[in-house]
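Here's the letter readout for the chains.
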Amino acid sequence: MNTADKINYELRPAKYVERRLILISLERIIGYFKSTIGANYSYIGFGALAFTDFKLFHRELGIKKMTSIEGGDYSSERLELNKPYSCISIKRGSANEILPQLDFNNQTIVWLDYDEHLQHYFFDDIHTCISKMNIGSILLVTCNTALQKGTKRDRQPLTDGEFKEEYKELVPIDVGEHCCTASKSATTIWKMFYNYCKDELNARNRVNHNDLNLLPLYNFVYKDGAEMVTFGCVIVKKGTHFEDLNLPNNNFYGANQYRIEFPNLTYREAMRLNQILDNPELEKKLFIDTGILTQVDLDNYKKFYKYMPNYFDVRL
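Just so we're clear, the structure is a prediction, and the values are computed from it rather than from any experiment.

1. As for the pattern of salt bridges
Part 1 of the reasoning: Taken as a whole and assessed by the stated rule, the structure comprises 12 salt bridges.
Part 2 of the reasoning: In this structure, Glu227 engages Arg259 in a salt bridge whose closest nitrogen and oxygen atoms are separated by 3.0 Å. Placement of the pair is Glu227 in strand E9 (residues 227-237) and Arg259 in strand E10 (residues 258-260), with a sequence separation of 32 residues.
Part 3 of the reasoning: Judged by relative accessible area, which is 17%, Glu227 ranks as buried.
Part 4 of the reasoning: Arg259 gets classed as partly exposed once you look at its relative accessible area, which sits at 27%.
Part 5 of the reasoning: Each of Lys15, Glu18 and Asp113 takes part in salt bridges that share partners, so that together they form one network.

Spelled out as structure tokens, the structure:
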């Protein structure tokens, strides 16, 4: 299904915030590996019609070698019309077909940005990436957090037994009870991705006598409709620590889950709130006491307001 026919992927505020947080970290990580090993990066993703990540990473990170894997029904002519830069190469086919054909000789950023529920073939794609990526390369995987059964109108979480029967060796050893419920499924899926990547990299080390390690970068959960989880990691040489990457001093990055949640304010409300931020008395009087925001909403706004998008209706 071509979900871009139903969703404008450039107008999702939570996804926009996630991209900005990822971009900030990638700037630091790329700088570190360029200075230490002379890294040269390429990007592989799913552009669809918007090519949003491609635009961002080309403009902000200066990446000039980019590959968009296109497995949908869009014609090649339409995809070529919508691609924003000549440096983007469009490859028709599924990720499972295309990834083994691609060049991973230098450093690569791969974003497997699925819009589906968890599928077994995700792990085949992850295997291809982890088996070929070099030091400094970054893998991101995004998918829907639902681990459910039943029809669209009557969906229920998988039971623990059904989950283990379905995913067998992919089930994390430390998974707890009721791991497929709405409050736990994002954590379960993230652990599955992380453990699988570690196991694949360890197997590669044993076979090729490599000295590679994997550092977790992202554990984002966000919701612009369906809830989604994003796993991210970077391939490093053993002995490289998370602190070496010179990431911003905040809680957004690493293995701990970070939920991207913020209130839906009007433009005027947001502008007024910005004017009084960190003035507890006015925040309470104008926003808490009036019922516009709860304290949780206010705290979330303060975390993310610098990364949130502004939309305008412009007549050309």
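2. Focus: the packing of helix H5 (residues 120-132) against helix H7 (residues 185-208)
Part 1 of the reasoning: Closest axis-to-axis distance for the H5/H7 pair is 9 Å, and the angle between their directions is 40 degrees. By the angle class used here, H5 and H7 are oblique. Note on packing geometry: the crossing formed by H5 with H7 is right-handed. Each of Phe122, Phe123, Ile126, His127, Ile130, Ser131 and Lys132 in H5 lies in contact with H7, whose residues at this interface are Met192, Phe193, Tyr196, Cys197, Glu200, Leu201 and Arg204.
Part 2 of the reasoning: Each residue belonging to the contact of H5 with H7 can be placed in one class, and the counts come to 9 nonpolar, 2 polar and 3 charged.

3. Let's talk about H5
Part 1 of the reasoning: Listed as buried for H5 are Phe122, Phe123, Asp125, Ile126, Thr128, Cys129 and Ile130.
Part 2 of the reasoning: Packing partners of the buried residues in H5 comprise helix H4 (95-98), strand E4 (107-113), strand E5 (138-144), H7, strand E8 (212-223) and E9.

4. Looking at the packing of helix H1 (residues 13-37) against helix H2 (residues 52-61)
Part 1 of the reasoning: Relative to each other, H1 and H2 sit at 40 degrees, their axes nearing to 11 Å. The orientation of H1 relative to H2 falls into the category oblique. The way H1 lies across H2 gives a crossing that is right-handed. Every residue of H2 that contacts H1 at Arg19, Arg20, Ile22, Leu23, Leu26, Glu27 and Ile30 is listed here: Thr52, Asp53, Leu56, Phe57, Glu60 and Leu61.
Part 2 of the reasoning: Class assignment for the residues of the contact of H1 with H2 results in 7 nonpolar, 1 polar and 5 charged.

Rules of the game
Residues numbered from 1 in each chain as written. Predicted model: local features only at pLDDT ≥ 70, side-chain atom pairs only at ≥ 80, totals over all residues. Heavy atoms only, no water. Salt bridge = Lys/Arg side-chain N within 4 Å of Asp/Glu carboxyl O. Helix = DSSP H or I, 4+ residues; strand = E, 2+ residues; numbered from the N terminus. Buried < 20%, exposed > 50% of the residue type's maximum accessible area, 1.4 Å probe, protein only. Axes fitted to C-alpha atoms, helices over the stretch in contact; angles between N-to-C directions. Parallel < 35°, antiparallel > 145°, perpendicular 65-115°, else oblique. Left-handed = near helix turned anticlockwise from the far one by under 90°. Contact = heavy atoms within 4.5 Å. Nonpolar A, V, L, I, M, F, W, Y, C, P; charged D, E, K, R; others polar.

Any functional reading would require information that these geometric values do not contain.
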